[in-house]
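This is what each chain is made of:
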Amino acid sequence: MTIYLVRHGESTSDINQKYDGDYDDHLTIQGRAEAETVAKKLRTKGVTKIFTSTRIRAVETGTIIGTQLNLPIVSLQELCEQDIYKAFKALGKDQPEEEYRRLGEIQITRDNAPIGTEAYEDFSERVLQCFISLVNDSSTTLVIVTHGGPIRCILRELAKTI
């Protein structure tokens, strides 16, 4: 089995530095070009299934890849990003997204998760259960189009097994 983890292409929120909620936005022209580049690289890899998060930017990335590979996509809510933005409204828009993610992963626990946010433990459990079910249900070559948080979560778990 081979698994390709793909972060969605550049989105409108990426260029607008929007970090104020669990947003759902479209790819930019650059993001579409990035998805086309990934699709071209995957053409000869024998991909048989494509899964995406349900967020528009991931679905658009997956659709571009799927069109190039002549494959449908399956969108799964479990592959969505952790919703932590509401917890850090005090941070300015000039704060890098990576800092928001790091703070969410470190500070938001089940014991202190602000209303409307997702504790890292819950997020990690959701993503890893989904990943394991996709891996266990297939002996093929998969593409999983998701977000930075779920990709880091999966890679951390895989690193534990090495």
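To start, this report covers the structure provided alongside it. (Residues numbered from 1 in each chain as written. Predicted model: local features only at pLDDT ≥ 70, side-chain atom pairs only at ≥ 80, totals over all residues. Heavy atoms only, no water.)

Observations concerning the nonpolar core
For clarity, the threshold we go by: Only buried Ala, Val, Leu, Ile, Met, Phe, Trp, Tyr and Cys residues count toward a nonpolar core, and they belong to the same one when joined by side-chain atoms within 4.5 Å. Residue exposure (1.4 Å probe, protein chains only): buried if accessible area is under 20% of the type maximum, exposed if over 50%, otherwise partly exposed. Note on conventions: DSSP H or I runs of at least 4 residues are helices, E runs of at least 2 residues are strands, and numbering of each starts at the N terminus. Contacts were defined at the residue level, with two residues in contact if any of their heavy atoms lie within 4.5 Å.
Grouped together as the largest cluster of nonpolar side chains are 14 residues, with contacts concentrated most on Phe 51, Leu 76, Leu 79, Leu 134 and Cys 153. Residue assignment for this core shows that the elements contributing at least two residues are helix H5 (120–136), strand S4 (141–146) and helix H6 (148–160). The greatest single-element share of this core, amounting to seven residues, is contributed by H5. What Leu 134 contacts, discounting residues up to four positions off in sequence, is Met 1, Phe 51, Leu 76, Leu 142 and Ile 144.

Thoughts on the environment of Ile 132
Structurally, Ile 132 is set in helix H5. Along the backbone, Ile 132 and Ile 154 are 22 residues apart, and their C-alpha atoms lie at a distance of 9.6 Å.

A short note on the sheet that holds strand S1 (residues 2–7)
Rule in force here: Strands pair, by our definition, only if DSSP identifies at least two bridges between them. Note on method: axes are straight lines fitted to C-alpha atoms, helices fitted across the in-contact stretch only, with angles between N-to-C directions ranging 0 to 180 degrees.
One open sheet accounts for four strands, arranged S1-S4-S2-S3; its pairing is parallel. Edge positions in the open sheet fall to S1 and strand S3 (73–76), since each of these has one partner strand only. Neighbour to neighbour, the strand axes of the sheet diverge by 25° on average, direction disregarded. Relative to S3, strand S2 (residues 47–53) is paired through four bridges, and the arrangement is parallel.

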